[in-house]
Amino acid sequence: RVAAMAWCVRSLCQYQTNKLVRIQSVRLGSLRWSLNGFILLFTCVMMLWNRKYQEFDLVVSSVTTKVKGVAQTNLSGAGEVVWDVADYSGPGAQSKNSFFVLTNVIVTRNQTQGTCPELPKDGRVCRTDRDCEKGASDLHSHGRGIQTGKCVRFDALTKTCEVSAWCPIETGTKPPRPALLAAAENFTVLIKNNIRFPTFNYTRRNILPEMSATYLKSCQRVNDSLCPIFRLGDMVREAGESFRDMAVEGGVIGIQIKWDCNLDLLRRHCLPRYSFRRLDEKESNRTLYPGLNFRYAKYNTVKGVGERTLYKAFGIRFDVMVFGQAGRFSFIQLIIYIGSTLSYYALTTILIDWLIGTSCYSEEVGHNYFEKKVESVQDKQKCVLRVSYVDKPDIWLVKKSQKKSLQDSKLLHVQPRKEDAGALRAALCLLGPGAGSDNTPPRQTGPPAWCKCAGCDPTLAPQEQLCCRWSDGTCITSSPLFQLLVLSRSTLEAALLYRDPLSDRQPGHSAYRQYICWRFGGQAEDEPPVIPRCCVRRIREEYPSPDGCYSGFRPER
C-alpha cells in the first residue's frame, strides 16, 4: 500500500509535453510563417466581419399598420362608388402582422332568402323533376343552395334544378380586367415596428427619434430608405411584380424588416432594412384557385325584408416579417473564438508534413524527418522479439508465444542489421596479442529437439527455446570471434570501462551486451533481442553465478 501511494505521489508530480523535431530550413521556415500569417489574417477578418467577439440576442417584435387612400370605381348597377379604408380593408381579413387591401371585386346585389333556379354550370341541367334530388347540395360550390326537387326554367332554352338559397345566385366567376381598384397602387401604409432585445434590455422602433410629424408627411422611400411610409405599388414593384397584373386575382406580398444591431459604444448602429418579395406561387397550379380572394356581405332591411349585397373580394395581403439580432462585446465570446481558431494552425503542420513526404521535397530529407519524428511501438500483447541466426544475414522479428518454442515460431518480418560497433572497436584496440580465450564449449549430450547446433541445453520457457542457427550446423560458440568478443575477460573489462571508466563491477554481465552489440548492432526497447540458448549456456559456464541463480539479461532503458 505504501508503494502504491508513493507511485501515485510521483505520478502527480510529473509533467508531460510533446516531442518536437526542429528542421533548419529557410524554405520550410518561410512557408510556415507565411501560412501562419495567412491564417491569422483570415481569422481576424472573419472575426471583424461576423462580429465573433460579441454576444448575440434575437429580436422580439410587434407590428401595427395604418393604410391610407381613397379610390373611385364605376360599379354596374351602382354607378360611381367611392372606396375608403373601411371598404377596401376587407372585414375579417386582418390578422397578426399583416393587412389586406382589396383590389378587385364581384358584386351581387339585392339577395334575399327564397327559391330560384341554380346556375347551369358544368352541365348541371335537368328535363324533369326526377332529375333533381330534394335536399341535395353541392358542398364545393358557393351560394348554390339546397335543391327543392323541382326542375324549373332558367332561361328560354335551359332548365335547371330549383334551389333554396340567397337569390339571385352569384353569377360572375372571373374577376373583371382591368381590376376595379387598380388605383390602390397609390395607397400608402404606415408600418410601426417596435423591437426589443431582452438580454441587453434594449428597445427600438422604426420611427426614429429624429423623425418629426412634418418629416413623416413628406418622406418618400425613393429618396429615404428609412422612411416608414410605403406606397403599395412601390412594394409590389420591388418584389419583382406588376401591381396591375397582381391586382386582378390578388396575391401575398412579404414585407421583411431586418434589424442587425451593433450595441458596442464605439460602433453603435441599429437601423432597420426593408425588403419585399412575393410569397404565393403564381406559376404552378395557376388554373387551380389562383391569387387570393374571399367573400363577405353587407346586410340591410328593405320593407321588412332582409337583403344583402354579396362581395367576392380579390386583393393583396401584405405580411410583415421581422427578424434580426443584436450583438455586444463579450470577453468570454472573444476567448472562445480565439480558442477555436487555434486549431487552424494545425493545418500548417499537416501541409508541411505532406510536402516533405511527397516528391515536391527532397526524398532524403523527408526520410530523415519521418525517421526522427515517427517512433514505431509494438503492441505489448503481441511482444515482438528480435532474433539473429548465424546462417542468415539479417535480423528477424518473431512473435512471442507461450505454447511453442521460439525456434519454431513464425518469422514475421526481416530487419536490416545496423552496425553499432563502437564499444567493440574500442575493446579490440585495447586488446593485446593472444587476449582471446582458449576455452572450448563442452559437448552436450541429448540436445532438445528445437536445437540445430547441438549446443543448447533444455529449458521449459518457450521464449528461451532459441538456437543460434536456423538450420543444422556448427554452433556459434565455437567461433574464435565469439571467444574473443564475448568470453574474453580482457575484452569485457575494456568494454565495461569504455562505458563507465570508474566502474568496479564484474565483467561477466557485459558478455550478454557484447553479444547483442555484435549480432544485433544495438538495442531496441520495443523489439527486445533474444540471446540463443547455446550462447547463454556458454556464458554461464565461463562466468558462473556464485549462488547458482541466474536472472537473465535485462537491457538498460
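Going along each chain's sequence as written, the residues are numbered from 1 onward. Thresholds applied to this predicted model are a pLDDT of at least 70 for local features of residues and 80 or more for the giving and counting of side-chain atom pairs; totals over whole chains, interfaces and linings are not thresholded and use all residues. Just so you know, side-chain values use all the structure's heavy atoms and leave hydrogens and water out.

Convention followed: UniProt positions are given in the numbering used here, feature names are shortened, and annotations may be inferred rather than shown by experiment.
Here is the UniProt Catalytic activity (unreviewed entry) comment for the protein chain, exactly as written: "Ca(2+)(in) = Ca(2+)(out)". Under the Function (unreviewed entry) heading, UniProt states for the protein chain: "Receptor for ATP that acts as a ligand-gated ion channel."

## Quick notes on the overall build of the protein chain
Applied cut-off: Secondary structure counts use DSSP, requiring at least four H or I residues in a row for a helix and at least two E residues in a row for a strand, with both numbered from the N terminus. Three labels apply to residues, based on accessible area from a 1.4 Å probe with only protein chains included: buried if under 20% of the type maximum, exposed if over 50%, partly exposed otherwise in between. Contacts are residue-level and defined by heavy atoms, with any inter-residue pair within 4.5 Å sufficient. All accessible areas in this document rest on Shrake-Rupley with a 1.4 Å probe, and a residue is counted as covered only by the protein chains that are shown.
On a plain count of helices and strands, the protein chain comes out with 14 helices and 17 strands. Considering the protein chain as a whole, with its 557 residues, one finds that 38% of them fall into the buried category. Sequence-distant contacts, at least 24 apart, represent 66% of the contacts inside the protein chain between residues at least 6 apart. Split by element, the accessible area of the protein chain, about 34100 Å² in all, is 54% carbon and sulfur.

## A short note on the sheet that holds strand 15 (residues 384–388)
How we decide: We call two strands paired when DSSP finds no fewer than two bridges between them. As a rule, the C-alpha atoms of each element are fitted with a line to give its axis, helices using only the stretch in contact, and angles between N-to-C directions run from 0 to 180 degrees.
Within the open sheet, the 3 strands sit side by side as 15-16-17. Their pairing is antiparallel. Sheet topology places strand 15 and strand 17 (411–415) at the edges, where each strand pairs with a single neighbour. Direction aside, the axes of adjacent strands within the sheet are offset by 35° on average. Here 5 bridges tie strand 15 to strand 16 (residues 395–399), and the two strands are oriented antiparallel to one another. Directly across from Leu-385, in strand 16, lies its bridge partner Val-398.

## Brief notes about the packing of helix 8 (residues 346–357) against helix 9 (residues 363–373)
Definition in use: Roughly parallel means an angle under 35 degrees; roughly antiparallel, over 145; roughly perpendicular, 65 to 115; everything else is oblique. Throughout, the ten residues Ala, Val, Leu, Ile, Met, Phe, Trp, Tyr, Cys and Pro are labelled nonpolar, Asp, Glu, Lys and Arg are labelled charged, and all others, Gly among them, are labelled polar.
For the pair helix 8 and helix 9, the least separation of the axes is 8 Å and the interaxial angle reads 125°. Taken together, the axis directions place helix 8 and helix 9 in an arrangement best described as oblique. Along the contact surface, helix 8 presents Asp-353, Ile-356 and Gly-357, while helix 9 presents Gly-366, Tyr-369, Phe-370 and Lys-373. Taken together, the residues of the contact of helix 8 with helix 9 break down into 3 nonpolar, 2 polar and 2 charged.

## Some points on unusual backbone geometry
Glycine aside, residues mostly have negative phi, and peptide bonds are mostly found in the trans state. Of the consecutive residues Cys-167 and Pro-168, the connecting peptide bond is found in the cis state with omega at 0°. Mapped onto the fold, Pro-168 is located in the loop between strand 7 (159–167) and strand 8 (188–197). Cis geometry is adopted by the peptide bond preceding Pro-178, which originates at Arg-177 and carries an omega value of -5°. The topology assignment puts Pro-178 in the loop between strand 7 and strand 8. Even without being a glycine, Asn-201 presents a positive backbone phi close to 55°. Tracing the sequence through the fold places Asn-201 in the loop between strand 8 and strand 9 (202–205). Residue Asn-201 is classed as exposed on the basis of its relative accessible area of 59%. Backbone geometry places Ala-454, a non-glycine residue, at a positive phi of 65°.

## A closer look at the pattern of salt bridges
Let me state the cut-off plainly: By definition here, a salt bridge exists when the distance from a side-chain nitrogen of Lys or Arg to a carboxyl oxygen of Asp or Glu is within 4 Å.
Inspection of every chain in the model, using the stated rule, returns 15 salt bridges. A salt bridge links Asp-280 to Arg-278, with the shortest nitrogen-to-oxygen separation between them at 2.8 Å. Taken as a pair, Asp-280 and Arg-278 share a single burial class, namely buried. Here Glu-541 makes a salt bridge to Arg-538, at a shortest N to O gap of 3.9 Å. One end of the pair, Glu-541, and the other, Arg-538, are both in helix 14 (residues 533–542), 3 residues apart, so they sit about a helical turn from each other. According to the relative accessible area criterion, Arg-538 is buried, its value standing at 3%. Among the charged side chains, a network of salt bridges with common partners joins Glu-185, Arg-231, Asp-234 and Arg-237.

## Details of the state of the cysteines
Put simply, the rule is: Pairs of cysteine sulfur atoms within 2.5 Å are what we label disulfides.
Per the stated rule, a full pass over the model turns up 5 disulfides. Here Cys-116 connects covalently by a disulfide to Cys-167, the sulfurs 2.1 Å from one another. As the torsion about the S-S bond is roughly -80°, the Cys-116-Cys-167 disulfide counts as left-handed. Of this pair, Cys-116 sits in strand 5 (residues 98–117) while Cys-167 sits in strand 7; the two residues are 51 residues apart in sequence, bridging distant segments of the chain. When its relative accessible area of 10% is taken as the criterion, Cys-116 is described as buried.

## Observations regarding the environment of Tyr-53
Positionally, Tyr-53 belongs in the loop between helix 2 (26–50) and strand 1 (54–58). Taking C-alpha positions, Tyr-53 is 8.7 Å from Ile-336, a pair spaced 283 residues apart along the chain. Those residues in contact with Tyr-53, other than ones at most four positions away along the chain, are Met-47, Leu-48, Asn-262, Asp-264, Arg-267, Arg-328, Phe-329, Ser-330, Gln-333 and Leu-334.

## Overview of the packing of aromatic side chains
Convention followed: Here a pair means two rings of Phe, Tyr or Trp (six-membered ring of Trp) with centres within 6.5 Å. Their orientation is stacked below 30 degrees between planes, edge-to-face above 60, and tilted elsewhere. A ring is scored as having a charge over it whenever the NZ atom of a lysine or the CZ atom of an arginine sits within 6 Å of its centre and within 35 degrees of its normal.
The tally for this structure, following the rule as stated, stands at 14 aromatic pairs. On the numbers, 6.3 Å between centres and 40° between planes, the contact of Tyr-53 with Phe-329 is tilted. In this pair, Tyr-53 is assigned in the loop between helix 2 and strand 1 and Phe-329 in strand 14 (residues 305–329), connecting sequence segments 276 residues apart. Judged by its relative accessible area of 45%, Phe-329 falls in the partly exposed class. Taking 4.4 Å as the distance between ring centres and 25° as the angle between the ring planes, the aromatic pair formed by Tyr-88 and Phe-187 counts as stacked. Residue Tyr-88 is located in helix 3 (residues 85–88), and its partner Phe-187 is located in the loop between strand 7 and strand 8; the two are separated by 99 residues in the primary sequence. The pair formed by Tyr-88 and Phe-187 is uniform in burial state, with each residue classed as buried. Aromatic ring contacts, followed pair by pair, group Phe-100, Phe-294, Tyr-296 and Tyr-311 into a single cluster. In this structure, Arg-32 is placed above the aromatic ring of Trp-33, and the distance from its NZ or CZ to the ring centre is 4.6 Å. Here Arg-519 stacks its cationic end above the ring of Trp-518, 5.7 Å away from the centre of that ring.

## Some points on the nonpolar core
Most often, soluble globular proteins have nonpolar side chains that are buried together. The criterion, for reference: Within this scheme, the nonpolar core is defined by two criteria: the residues are buried Ala, Val, Leu, Ile, Met, Phe, Trp, Tyr or Cys, and they are joined through side-chain atoms within 4.5 Å.
Of all hydrophobic cores here, the largest spans 47 residues; its most connected members are Trp-83, Val-101, Leu-102, Leu-232 and Phe-318. Those residues in contact with Val-101 that lie beyond four places of it in its chain are Val-67, Tyr-88, Ala-184, Phe-187, Leu-232, Gly-315, Ile-316 and Phe-318.

## Regarding the pairing of strand 9
As judged from the 4 bridges shared by strand 8 and strand 9, these two strands associate in the antiparallel manner. Bridge pairing links Asn-194 to Arg-205 in strand 9. Between strand 8 and strand 9, which pair antiparallel and follow one another directly, the connecting turn spans 4 residues, one of which, Asn-201, has a positive phi of 55°.

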